[in-house]
Amino acid sequence: MNTEQELKQFQERIDNGEKIEPKDAMPERYRKQLIRMMSQHAHSEIVGMLPEGNWITRAPSLKRKMVLLAKVQDEAGHGLYLYSATETLGARRQDLVEDYLYGSAKYSSIFNYPTLTYADICVIGWLVDGAAIVNQTMLAKSSYGPYARANLRICKEESFHKKQGYEMLAKMASGTPEQQKMAQDAVNRWWWPTLMMFGPHDSDSPNSAELIRWGVKTKTNDELRVHFVDRMVMEAEAIGITLPDPDLRYNEETGHWDFGLIPWDEFWSVVKGDGPMNRERIRARRHAYEEGAWVREAATEYARKQRLRAEKAS
Amino acid sequence: MSTFDEIPKTQQEALRTVVLWLADDRLIHGHRLSEWAGHGPELEEDLALANMALDMIGHASSLYAYVAKLEGREEEDYHAYFRDDIDFTNCAMVELPRGDFAFTMARQFLFSVHAFLLYQALMDVLEDEELAGILKKHFKEIRYHLRHSGEWMRRLGDGTDESRERVQHALDDLWMYTGELFTSNAHIEATVRFEVFTDPATLHAPWMEMVRQVLDDATLTMPDQNQYMFDGARQGRHTEHLGRLLAEMQFLRRSYPDASWT
């Protein structure tokens, strides 16, 4: 698809709110952008298993242990259907995975921060999943059918995770002095990185305009961020948590909460690989991938032998 | 003093003893499986391992709740968080470090065959309907674990040279911990006398048969039967690994005993 006529027809379908399906004609650039976004989303789900997995063996009750284990399992599931959805665009899962392990593909920078106390698990549920939901609710309306449907499904599970995280955080925030300290400290550490999850300011986001025109996204990074802050201010107040931003103020004119300067230097530094956990996360994922190679080879070899036996028998 | 120096004197104590073994086995095994979260050899297996870990910890949780009820305790997972290693009665096999994928699957397989036979026998002898109902629910999942781990034994045994070598090695390493699944002692005899447990020795022959069948299919060799067998974990005489596992598992709950986490 390259002629102007074809591009125009494609844009008309988008503007009419039609969903683009795998076998439909689409501009090469649309396909590429989607592969980049969707696989990045999938990698984030997988790397995201690490900071939370860090607390499974130490969860403070069997119920909390099972909740966390189920959540981490859900993330593996999200990764799986996001990779499958990306494969509908002609990409191979293995190539995508190797591109973030050894190449230049990215995953969400939020997972390059450490989980220091159990309260971090609650805060990831509340803030990080909360931010993910804002983003994914928009993506559930994406113009690419398989991606929209994957996000719809993910949102349902994420909403559940967010609720669980928020409830447990509320409990800690009104618990013993030690629990309160852990809860507030975790919020202090995760608040700014969470705001960065929506990506750079619109003025610094080169892909945004194109993605919006193609209906892959329907809102800009800054719009989503403002929407998120508005919600979180209320939710924090309701459970007695303070958000670590002295400039947070309600703006009568805009009807939104104004917030302080996001530390963008830190954002770009973590994106480029210099964050507290970047190297460890990649090392852990590479290790799992490389250590798993003999298992995958065995499964392939066994399947081959079984096929040969079946052929011989018939 | 370890609680398990005391031999059950009533039927209820005997029942409590048996349910605690079952629960401890499942909690500790589930813990080792949960260590795989995010580190599996492929995404599908990350899901399966987490699934089995969830099943096992779920089984343990329902069994601990049952014991807590017997004892009139409010805290359902008291036994998971507030006992020391000499009070745990899980078999030693489940506390060994997770090892590689071959070790994890070989352990899962040997354990699941035993769980399958043990649950069958228990569902036969148990009179307590509530407990029988709990076990019946677990049994469905145990069958899945058995199938899943059995399939992997075949894949790894009859896969590549490396996978065969790894899984054979795992079986050989694990074998000395299989003996105590079938040995008796004064506690077990008491539970058999009160008719809440089957003589574990009777499970040995069918266990060997089921294991042999899969190992044959998987072109693996049965480890040497006449070797030293570890014994005593059911009476709190564990390996050195359990203490560290519990230190990790219990630290937060024990550090703040007044805090609520439910």
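Right, let's walk through the structure included here. Every chain begins its residue count from 1, and numbering advances along the sequence as written. Throughout, the order in which chains and ligands are written sets their labels, letters from A for the former and numbers from 1 for the latter. Note on the predicted model: pLDDT of at least 70 is required for a residue's local features to be given, and 80 or more for side-chain atom pairs to be given and counted; whole-chain, interface and lining totals, by contrast, use all residues. Computation of side-chain values covers all heavy atoms of the structure but excludes hydrogens and water.

Looking at the overall build of chain A
Stage number 1. Along the backbone of chain A there are 13 helices and two strands.
Stage number 2. In terms of C-alpha radius of gyration, chain A reaches 21 Å, essentially the compact-globule figure of 20 Å for 314 residues.
Stage number 3. Its C-alpha atoms put chain A at 70 × 50 × 35 Å along the principal axes.
Stage number 4. Here a residue-residue contact requires only that any non-hydrogen atoms of the pair lie within 4.5 Å. Of the contacts made within chain A by residues no fewer than 6 positions apart, 77% connect residues no fewer than 24 positions apart. The helix count covers DSSP runs of H or I at least four residues long, the strand count covers runs of E at least two residues long, and both are numbered beginning at the N terminus. Taken over C-alpha atoms, the radius of gyration is set against a globule rule of 2.2 Å times the number of residues to the power 0.38.

Here we look at the environment of Trp 257 of chain A
Residue and element names in this part refer to chain A.
Stage number 1. Tracing the backbone shows Trp 257 in strand β2 (residues 256-258).
Stage number 2. Separated by 26 residues in the primary sequence, Trp 257 and Arg 231 place their C-alpha atoms 9.4 Å from one another.
Stage number 3. Those residues in contact with Trp 257 that lie beyond four places of it in its chain are Val 229, Asp 230, Val 233, Leu 248, Arg 249 and Tyr 250.

Here we look at the pattern of salt bridges
Stage number 1. In what follows, salt bridge is the name for a side-chain nitrogen of Lys or Arg lying within 4 Å of a carboxyl oxygen of Asp or Glu. Across all of its chains, the model carries 34 salt bridges over all chains by this definition.
Stage number 2. We note a salt bridge from Asp 100 of chain B to Arg 166 of chain B, for which the minimum N-O separation is 3.0 Å. In this pair, Asp 100 of chain B sits in the loop between α3 (78-81) and α4 (101-125) while Arg 166 of chain B sits in helix α6 (residues 161-175), placing the two residues 66 residues apart along the sequence.
Stage number 3. One network of salt bridges, in which partners are shared, links Glu 52, Lys 71, Glu 75 and Asp 129 of chain A.

Some points on the packing of aromatic side chains
Stage number 1. Aromatic pairs are defined between Phe, Tyr and Trp rings, using the six-membered ring for Trp, whenever the two ring centres lie within 6.5 Å; interplanar angles under 30 degrees are classed as stacked, those over 60 as edge-to-face, and all others as tilted. Within the structure shown, the criterion is met by 22 aromatic pairs over all chains.
Stage number 2. Between Trp 264 of chain A and Phe 267 of chain A, the ring centres sit 5.2 Å apart and the planes meet at 85°, which makes this aromatic pair edge-to-face. Here the residue Trp 264 of chain A and the residue Phe 267 of chain A both occupy positions in helix α11 (residues 264-271), the gap between them amounting to three residues, near one helical turn. The residues Trp 264 of chain A and Phe 267 of chain A share a single accessibility class, namely buried.
Stage number 3. The interplanar angle of 25° and the centroid separation of 5.3 Å between the aromatic rings of Phe 116 of chain B and Phe 139 of chain B together place this pair among those described as stacked. Here Phe 139 of chain B lies in helix α5 (residues 129-157) and Phe 116 of chain B lies in helix α4, a separation of 23 residues in the sequence. Take Phe 116 of chain B and Phe 139 of chain B: they sit in the same class, and that class is buried.
Stage number 4. What links up through ring pairs into an aromatic cluster is the set Trp 55 and Tyr 118 of chain A together with Phe 251 and Trp 261 of chain B. Buried residues are those whose accessible area, probed at 1.4 Å on protein chains only, stays under 20% of the maximum for their type, while exposed residues exceed 50% and partly exposed ones sit between those limits.

Re the interface of chain A and chain B
Stage number 1. Between chain A and chain B, the contact holds 48 residues from the first and 49 residues from the second.
Stage number 2. Computed with a 1.4 Å rolling probe, the buried area is the accessible surface lost when two parts are put together, summed over both parts. With both sides pooled, the region where chain A packs onto chain B buries about 4,200 Å², and carbon together with sulfur makes up 69% of that total.
Stage number 3. Inspection of the region where chain A meets chain B yields four salt bridges.
Stage number 4. The partner of Asp 158 of chain B in a salt bridge is Arg 309 of chain A, and the shortest N-O contact between them spans 2.7 Å.
Stage number 5. For the purposes of these results, a polar contact is taken to be a pair of N or O atoms within 3.5 Å, where, inside protein, one atom must be able to donate a hydrogen and its partner to accept one; residues adjacent in sequence count only when each atom of the pair is a side-chain atom. Where chain A meets chain B, there are 17 residue pairs in polar contact (both at pLDDT 80 or more).
Stage number 6. For the side of chain A that touches chain B, the secondary structure elements donating two or more residues are α3 (49-53), α4 (62-87), α7 (145-173), α8 (177-196), α12 (278-291) and α13 (293-313) of chain A.

Regarding the packing of helix α2 (residues 28-47) of chain A against α7 of chain A
All names here are of chain A.
Stage number 1. Axes here refer to lines fitted to C-alpha atoms; in helices the fit is confined to the stretch in contact. Angles between the N-to-C directions go from 0 to 180 degrees. Where α2 contacts α7, the two axes come as close as 12 Å, and the packing angle between them is 25°. On the basis of the axis angle, α2 is roughly parallel to α7. Crossing of α2 over α7 shows left-handed handedness. Residues Leu 34, Met 37, Met 38, His 41 and Glu 45 of α2 lie in contact with α7, whose contacting residues are Tyr 147, Asn 151, Ile 154 and Glu 158.
Stage number 2. When residues are grouped by polarity, Ala, Val, Leu, Ile, Met, Phe, Trp, Tyr, Cys and Pro land in nonpolar, Asp, Glu, Lys and Arg in charged, and all others, Gly among them, in polar. Taken together, the residues of the contact of α2 with α7 sort by class into five nonpolar, two polar and two charged. Convention used here: angles under 35 degrees read as roughly parallel, angles over 145 as roughly antiparallel, angles from 65 to 115 as roughly perpendicular, and any remaining angle as oblique. Crossings are sorted by hand: turned counterclockwise from the far helix by less than a right angle, the near helix makes the crossing left-handed, and turned clockwise it makes it right-handed.

Let's talk about the environment of Thr 191 of chain B
Residue and element names in this part refer to chain B.
Stage number 1. Here Thr 191 shows up in helix α7 (residues 186-193).
Stage number 2. Once the C-alpha coordinates of Thr 191 and Pro 8 are considered, the two residues, 183 residues apart in sequence, prove to be 7.3 Å apart.
Stage number 3. Aside from chain neighbours lying at most four places away, what touches Thr 191 is Pro 8, Ala 14, Thr 17, Val 18, Trp 21, Val 196 and Phe 197.

Observations concerning the nonpolar core
Stage number 1. Take the buried Ala, Val, Leu, Ile, Met, Phe, Trp, Tyr and Cys residues and link them wherever side-chain atoms come within 4.5 Å; each set so joined is a nonpolar core. In terms of nonpolar packing, the biggest core is built from 182 residues, with Tyr 30, Tyr 118 and Trp 126 of chain A touching the most fellow members.
Stage number 2. Once you skip the residues sitting within four places of it in the chain, Tyr 30 of chain A turns out to touch Phe 10, Ile 14, Ile 20, Ser 143, Tyr 144, Trp 214 and Val 216 of chain A.

Points about unusual backbone geometry
All names here are of chain B.
Stage number 1. The backbone phi angle of Glu 195 is positive, close to 60°, even though this residue is not glycine.
Stage number 2. With a phi close to 55°, Thr 219 is a non-glycine residue in the positive phi region.
Stage number 3. Residue position: Thr 219 is located in the loop between α8 (204-217) and α9 (241-255).
Stage number 4. Its relative accessible area of 40% is what places Thr 219 among the partly exposed residues.

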